[in-house]
Amino acid sequence: MPFQKLSPDARRIRTIIVALPIAGVTAYVLYKRLVLGEQQRKLEHVKGPIIPLNTTAPRPPPQPENRES
């Protein structure tokens with residue numbers, strides 16, 4: 001499906017539609033933190049890789065030979 005080139009007014013509307021929810025949520029989170037005194041959420045620190053690394057990969061089972069005689 002080819003993309004249509006948007007008119008300047010349509011681009012402006014698209015920008016508003018994308019930016020307003022982001023600005024609203026950001027303002028709400030800042031309000032809760034600055035006015036209501038809610039603590040900033042922090043992620044706990046994890047040492048080492050999250051996914052354990054396996055140094056030896058399992059070998060695939062041997063394939064039977066297909067001999068046509």
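That block above? That's the structure.
All chains use their own residue numbering, which begins from 1 and follows the written sequence. pLDDT decides what is reported in this predicted model: residues at 70 or higher carry local features, side-chain atom pairs at 80 or more are listed and counted, and totals for whole chains, interfaces and linings draw on all residues regardless. With hydrogens and water excluded, all non-hydrogen atoms of the structure serve as input to the side-chain values.

Examining the pattern of salt bridges
The salt bridge definition used is simple: a Lys or Arg side-chain nitrogen within 4 Å of an Asp or Glu carboxyl oxygen. This model, assessed by the stated rule, comprises two salt bridges. Of the charged contacts in the structure, one is a salt bridge between Arg12 and Asp9, with a shortest N-O distance of 2.8 Å. Here Arg12 pairs with Asp9, and both are found in helix H1 (residues 8-34), just three residues apart, close to one helical turn. A relative accessible area of 49% places Arg12 in the partly exposed class. Overall, Asp9 belongs to the exposed group, its relative accessible area being 52%. Each helix is a run of H or I in the DSSP string that is no shorter than four residues. Each strand is a run of E no shorter than two, and both are numbered from the N terminus. Note on exposure labels: buried denotes an accessible area under 20% of the residue type's maximum, exposed denotes more than 50%, and partly exposed covers the range between, all computed with a 1.4 Å probe on protein chains only.

A word on a nonpolar patch on the surface
Among the surface-exposed residues, Val25, Tyr28, Val29, Leu30, Tyr31, Leu34, Val35 and Leu36 lie close enough to one another that they form a single nonpolar patch of about 830 Å² accessible area. Residue position: Val25 is located in helix H1. Excluding any residue in a salt bridge, patches collect residues exceeding 30% relative accessible area, merging like charges within 9 Å and nonpolar Val, Leu, Ile, Met, Phe, Trp and Tyr side chains within 5 Å. Using the Shrake-Rupley algorithm and a 1.4 Å probe, accessible areas are obtained, with residue cover drawn only from the displayed protein chains.

What to know about H1
In a helix, the anticipated span is given by 1.5 Å times the number of residues less one. In a regular helix each residue adds 1.5 Å, so 27 residues correspond to 39 Å; H1 covers 37 Å between its end C-alpha atoms and thus fits that length. By the largest-angle criterion, Ala19 marks the main kink of H1, which is about 25°, and a proline, Pro21, follows within four residues. Bend at a residue means the angle formed by two fitted axes: the first through the 7 residues ending at that position, the second through the 7 residues beginning there.

Read these as layout, nothing more, since geometry by itself doesn't imply function.
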